[in-house]
Amino acid sequence: DTEVTQTPKHLVMGMTNKKSLKCEQHMGHRAMYWYKQKAKKPPELMFVYSYEKLSINESVPSRFSPECPNSSLLNLHLHALQPEDSALYLCASSPAGGEWEKLFFGSGTQLSVL
Amino acid sequence: RKEVEQDPGPFNVPEGATVAFNCTYSNSASQSFFWYRQDCRKEPKLLMSVYSSGNEDGRFTAQLNRASQYISLLIRDSKLSDSATYLCVVNILGYGQNFVFGPGTRLSVLP
């Protein structure tokens, strides 16, 4: 079982809805990530938080808003999404402490935007 | 040119076959290298890190050639359960944590 927990596992939302994806890890990792993955494509990096500060923002539309309340939690707030935003959203964490960083993924949220 | 490229696949092989995956990366500042495995509709899971000296874990062998910027994964005696997409991942240090994924190679092991 993954040690990175994501909720919900599935989400269906309309284009006018506001929803949030949640991610939690208790491995003491100091870097947390959001990735977006479309079918038959690799994960695409959206955001990286390192020591609770946003360190990478891959020019993601403002309808996606990340939040890192503390070192264990990462949220992704969704508002006014488009159907093309339907995808698997993956949270990941890594220790942020050395050369051989390894990514640990949560099981993902399958998002459908109607 | 993409930062990380892999064999396009898919690879369809019989049980017991040996299969090799290739990966190349373009950024010479890349620091660490990994193979991840991803089953359909599941999250990627770390298969193995790839060290300069090469490393082996049971039926799996990974090699790194920094001069050629090339990474490989060899699977011997393939099992039905090896069917998955194999993702080559490169960590480019420099600003924050930046893991770059290759497009993946789909493997189907057939009975």
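Note that the coordinates shown come from a computational prediction; the quantities given were computed from them, not determined experimentally.

**Q** How should the sheet that holds strand E8 (residues 73-79) of chain A be read in this particular structure?
**A** Strand pairing in a sheet is mediated by backbone hydrogen bonds. Such pairs are either parallel or antiparallel. All names here are of chain A. Here we have four strands laid out as an open sheet, ordered E1-E3-E8-E7, and antiparallel in their pairing. With one partner strand each, in any of the chains shown, strand E1 (4-7) and strand E7 (64-70) form the two edges of the open sheet. Direction aside, the axes of adjacent strands within the sheet are offset by 20 degrees on average. Pairing geometry for E1 and strand E3 (residues 18-25), over four bridges, is antiparallel. Within the sheet, the bridge partner assigned to valine 4 lies in E3 and is glutamine 25.

**Q** Explanation requested: the nonpolar core in the structure shown.
**A** Nonpolar side chains tend toward joint burial in soluble globular proteins. The biggest cluster of nonpolar side chains holds 25 residues, and the ones touching the most others in it are Phe21, Trp35, Ile71, Leu73, Ile75, Tyr86 and Leu107 of chain B. Of all the secondary structure elements, the ones that give two or more residues to this core are strand E3 (19-25), strand E4 (30-38), strand E5 (45-50), strand E7 (60-65), strand E8 (70-75), strand E9 (84-92) and strand E11 (105-110) of chain B. With five residues, the single largest contributor to this core is E9 of chain B. In contact with isoleucine 75 of chain B, not counting residues within four places along its chain, are Ala17, Thr18, Val19, Phe21, Arg59, Phe60, Asp82, Tyr86 and Leu107 of chain B. One finds Val4, Met13, Leu21 and Phe47 of chain A within the second-largest nonpolar core, a separate group that totals 22 residues.

**Q** I keep staring at the pairing of E3 of chain A and nothing clicks. Help me out?
**A** Looking along a regular strand, one sees side chains alternate from face to face of the sheet. Pairing analysis gives seven bridges linking E3 of chain A to E8 of chain A, with the strands arranged antiparallel. Bridging across to E8 of chain A, serine 20 of chain A finds its partner in histidine 77 of chain A.

Reading guide: rules and limits
Residues numbered from 1 in each chain as written. Chains lettered and ligands numbered in written order. Predicted model: local features only at pLDDT ≥ 70, side-chain atom pairs only at ≥ 80, totals over all residues. Heavy atoms only, no water. Pairing = 2+ DSSP bridges. Helix = DSSP H or I, 4+ residues; strand = E, 2+ residues; numbered from the N terminus. Axes fitted to C-alpha atoms, helices over the stretch in contact; angles between N-to-C directions. Core = buried A, V, L, I, M, F, W, Y, C linked by side-chain atoms within 4.5 Å. Buried < 20%, exposed > 50% of the residue type's maximum accessible area, 1.4 Å probe, protein only. Contact = heavy atoms within 4.5 Å.

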